[in-house]
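An overview of the molecular structure
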Amino acid sequence: QVQLLESGGGLVQAGDSLRLSCAASGRTFSSYTMGWFRQAPGKEREFVARIRYSGSMTVYADSVKGRFTISRDNAQNTVYLQMNSLKPEDTAVYYCAATTIWGVGELSARLFDYWGQGTQVTVSS
């Protein structure tokens, strides 16, 4: 079992930066692919980024490529999402999630086994 707790959300202006953190419990954190998803009001949950258990590979949604960076610290059981050049369309609840699957491309949310409770990110124009 893995328990996930996100933090770092908030209200910012367009062009600002935020760093989200996701702290995980459990001694097997380093064996999981970790992902970030987001869900805006009235929309489906969408993939943002994911990182391999070792940190050696990452995948990003086209909408955030070049602006967001996912990273992890396995010694601290934490995964991060650095978000730069934020846009109003980035406004959503952001969730971190864990899966044992690596796969190809953007993974569906259905493939992730564990989820955090989410943290709100609001970007004003």
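Above this text you will find the structure in question.
The present account deals with the structure reproduced in this document. Computed from a predicted structure; not experimentally measured.

**Re the state of the cysteines**
Counted by the stated rule, this structure contains one disulfide. With its sulfur 1.9 Å from that of its partner, Cys 22 forms a disulfide with Cys 96. On the sign convention where negative means left-handed, the S-S torsion of about 45° between Cys 22 and Cys 96 marks this disulfide as right-handed. Of this pair, Cys 22 sits in strand 3 (residues 18-25) while Cys 96 is found in strand 9 (residues 92-99), placing the two residues 74 residues apart along the sequence. The same class applies to Cys 22 as to Cys 96, namely buried.

**Some remarks on the environment of Ser 125**
Here Ser 125 lies in the segment after strand 11 (119-124). Since its relative accessible area comes to 86%, Ser 125 is described here as exposed. Through-space distance from the C-alpha of Ser 125 to that of Leu 18 is 15 Å; in sequence the pair is 107 residues apart. Among all residues touching Ser 125, those that are not within four sequence positions of it are Ala 14 and Pro 88.

**Focus: the packing of aromatic side chains**
Per the stated rule, a full pass over the model turns up six aromatic pairs. Ring centres of Tyr 32 and Tyr 114 lie 6.0 Å apart, and the angle between their planes is 80°; this geometry places the pair in the edge-to-face category. On the criterion of sequence distance, the pair formed by Tyr 32 in the loop between strand 3 and strand 4 (33-39) and Tyr 114 in strand 10 (residues 114-115) is long-range, its members being 82 residues apart. Between Phe 37 and Trp 115, the aromatic rings sit 5.1 Å apart at their centres with planes inclined by 55°, giving tilted as the arrangement. You can see Phe 37 sitting in strand 4 and its partner Trp 115 sitting in strand 10, a full 78 residues away along the chain. Put simply, the rings of Phe 37, Phe 47, Tyr 95, Phe 112 and Trp 115 touch in pairs and so form one group of aromatic residues. Here the guanidinium or amino end of Arg 45 rests over the ring plane of Tyr 95, the centre of that ring lying 3.8 Å away. When the ring centre of Trp 102 is taken as origin, the NZ or CZ atom of Arg 50, which lies over that ring, is 4.1 Å away.

**Focus: the sheet that holds strand 7 (residues 68-73)**
One open sheet holds the four strands; their spatial order is 1-3-8-7, and the pairing between them is antiparallel. Looking at strand neighbours, the two that pair on one side only are strand 1 (3-7) and strand 7, the edges of this open sheet. In this sheet, neighbouring strand axes are inclined to one another by 15° on average, regardless of whether the strands run parallel or antiparallel. Pairing analysis gives five bridges linking strand 1 to strand 3, with the strands arranged antiparallel. From the neighbouring strand, Ser 7 faces strand 3, where its bridge partner is Ser 21.

Basis of the calculations
Residues numbered from 1 in each chain as written. Predicted model: local features only at pLDDT ≥ 70, side-chain atom pairs only at ≥ 80, totals over all residues. Heavy atoms only, no water. Disulfide = S-S within 2.5 Å. Helix = DSSP H or I, 4+ residues; strand = E, 2+ residues; numbered from the N terminus. Buried < 20%, exposed > 50% of the residue type's maximum accessible area, 1.4 Å probe, protein only. Contact = heavy atoms within 4.5 Å. Phe/Tyr/Trp six-rings, centres within 6.5 Å; stacked < 30°, edge-to-face > 60°. Lys NZ or Arg CZ within 6 Å of the ring centre and 35° of its normal. Pairing = 2+ DSSP bridges. Axes fitted to C-alpha atoms, helices over the stretch in contact; angles between N-to-C directions.

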